[in-house]
2 protein chains.
Amino acid sequence: MDARDERHRARMQRKKALVDEKIAQAQDEYGLLLVHSGNGKGKSSSAFGMVARALGHGMQVGIVQFIKGAASTGEEAFFRRFPDEVRYHVMGEGFTWETQDRQRDIAKAQQAWAVARELLDDERIGLVVLDELNIALKYGYLELDRVLADIAARPLLQHVVVTGRGALPGMIEAADTVTEMNLVKHAFKAGVKAQKGVEF
Amino acid sequence: MDARDERHRARMQRKKALVDEKIAQAQDEYGLLLVHSGNGKGKSSSAFGMVARALGHGMQVGIVQFIKGAASTGEEAFFRRFPDEVRYHVMGEGFTWETQDRQRDIAKAQQAWAVARELLDDERIGLVVLDELNIALKYGYLELDRVLADIAARPLLQHVVVTGRGALPGMIEAADTVTEMNLVKHAFKAGVKAQKGVEF
């Protein structure tokens, strides 16, 4: 049994113990899988707030953006200031989506996942942000089962945040915490253009 | 008419123009008021993600935490690394809430608001985070009308983010964008304790 299998087994055992025994005040350290979905703002911003939090605790962070341009250029510019603490990968450039060359898009998504898998395999990284992964899954560019297996096989203490609207039921099932960001009111609808520092 | 009155008037005029004329692709720069409410996670994290975004754009940021301990110590530790770019104020220590000395709590909230008002009066600050302000308003420690008037009188290009569950209807009415973070599933309920880098 290799290290990943071993971690997967240990994770599943611990999770089972938590659920089965309904330990009310578990004192175990345990890396969480968080999902931010919904049609509102704040899915990615909230993940980036967690990056700041993790850095404040001296943790190392890995970020993979599955959709180039989906997240803020401001956040990228800021977190790239910390190359020793943050590994920042922007993937997904040039997706053709459903319109053009699906095989090419799948190949690009697989490349992005290979990068994510390296982060998910690195014990030194305390938090991995998989920004807009839900979109790549929704389009079927990545297999959910494989993605969930790789996430489950991560180091025991590593937290993972997955963002993007339209989280698949299997992703929600696997998550420890799921938050839906719902739009109540949006400035764009009143004719205000996207503003630097807020939208990008 | 002093500078604050003038800005208030200009803001109201611009807002009225936007709403009245339903300008579909307004090209104006315009500081937004964003509200993050709801019972889920991510209200404050998302605001702190926006702080990172703003810093990436070279903006200056002001933060007032109305409830000490409500936001993450990790975020505070991290953003205090940038004293030239971030003014970070943790107020609200020692609130007795409804239980004890309401007049003392109101006095503390007023002190916190005085600090917020300085940030809201500073043209150099591009983003102001008023973390958990909704809670102080809900408890009646601050007058909504006065708070909204001060927010409306801020510099035209300054963005403001207000967080906290239970946003009052008047706050939602005044906001440009409102997002409700709703809890779908939470690890705590499965007996997982709060984890460093995620919850605090």
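Placed above this text is the structure.
A brief report on the enclosed structure follows. (Residues numbered from 1 in each chain as written. Chains lettered and ligands numbered in written order. Predicted model: local features only at pLDDT ≥ 70, side-chain atom pairs only at ≥ 80, totals over all residues. Heavy atoms only, no water.)

**Things to note about the overall build of chain A**
Secondary structure summary: chain A contains seven helices and six strands in total. N-terminal to C-terminal, the α/β element order of chain A is α-β-α-β-α-β-α-β-α-α-β-α-β. Put simply, chain A has 200 residues, and 54% of those count as buried. For chain A, long-range pairs separated by at least 24 residues make up 78% of all intrachain contacts whose partners lie at least 6 apart in sequence. Total accessible area on chain A stands at roughly 8500 Å², and carbon and sulfur atoms take up 49% of it. (Helix = DSSP H or I, 4+ residues; strand = E, 2+ residues; numbered from the N terminus. Buried < 20%, exposed > 50% of the residue type's maximum accessible area, 1.4 Å probe, protein only. Contact = heavy atoms within 4.5 Å. Areas by Shrake-Rupley, 256 points an atom, 1.4 Å probe, with all protein chains shown as cover.)

**A closer look at the packing of aromatic side chains**
Pairs of aromatic rings are described using the distance from one ring centre to the other and the angle between the two planes. Summed over the entire model, instances satisfying the criterion amount to 18 aromatic pairs over all chains. For the ring pair Phe78(A) and Phe78(B), a centre distance of 6.0 Å and an interplane angle of 80 degrees mean the geometry is edge-to-face. Of the two residues, Phe78(A) is situated in helix H3 (residues 73–79) and Phe78(B) in helix H3 (residues 73–79); the pairing between them involves two chains. Judged by relative accessible area, which is 0%, Phe78(B) ranks as buried. With 5.5 Å between their ring centres and 65 degrees between their planes, Phe78(A) and Phe82(B) make a pair best called edge-to-face. Separated into two different chains, Phe78(A) in helix H3 and Phe82(B) in the loop between H3 and strand E3 (86–90) make up a pair that spans both. Relative accessible area serves as the criterion here: at 9%, Phe82(B) is assigned to the buried category. Cluster of aromatic residues (ring-pair linked, three or more members): Phe48(A), Phe78(A), Phe79(A), Phe82(A), Tyr88(A), Phe48(B), Phe78(B), Phe79(B), Phe82(B) and Tyr88(B). (Phe/Tyr/Trp six-rings, centres within 6.5 Å; stacked < 30°, edge-to-face > 60°.)

**Considering unusual backbone geometry**
The general pattern is negative phi for most residues beyond glycine and trans for most peptide bonds. Positive phi outside glycine occurs at Glu132(A), with the angle close to 70 degrees. Within the element layout of this structure, Glu132(A) appears in the loop between strand E4 (125–131) and helix H5 (133–138).

**Overview of the sheet that holds strand E6 (residues 177–185) of chain A**
Pairing is mixed in the open sheet, where 12 strands are placed in the order E3(A)-E2(A)-E4(A)-E5(A)-E1(A)-E6(A)-E6(B)-E1(B)-E5(B)-E4(B)-E2(B)-E3(B). Taken across any chain shown, the strands that pair with only one partner, and hence form the sheet edges, are strand E3 (86–90) of chain A together with E3 of chain B. Along the sheet, successive strands turn relative to each other by an average axial angle of 15 degrees, direction set aside. Of the strand pairs in this sheet, strand E2 (residues 60–65) of chain A and E3(A) are connected by five bridges, and their pairing is parallel. Bridging across to E3(A), Val61(A) finds its partner in Val86(A). (Pairing = 2+ DSSP bridges. Axes fitted to C-alpha atoms, helices over the stretch in contact; angles between N-to-C directions.)

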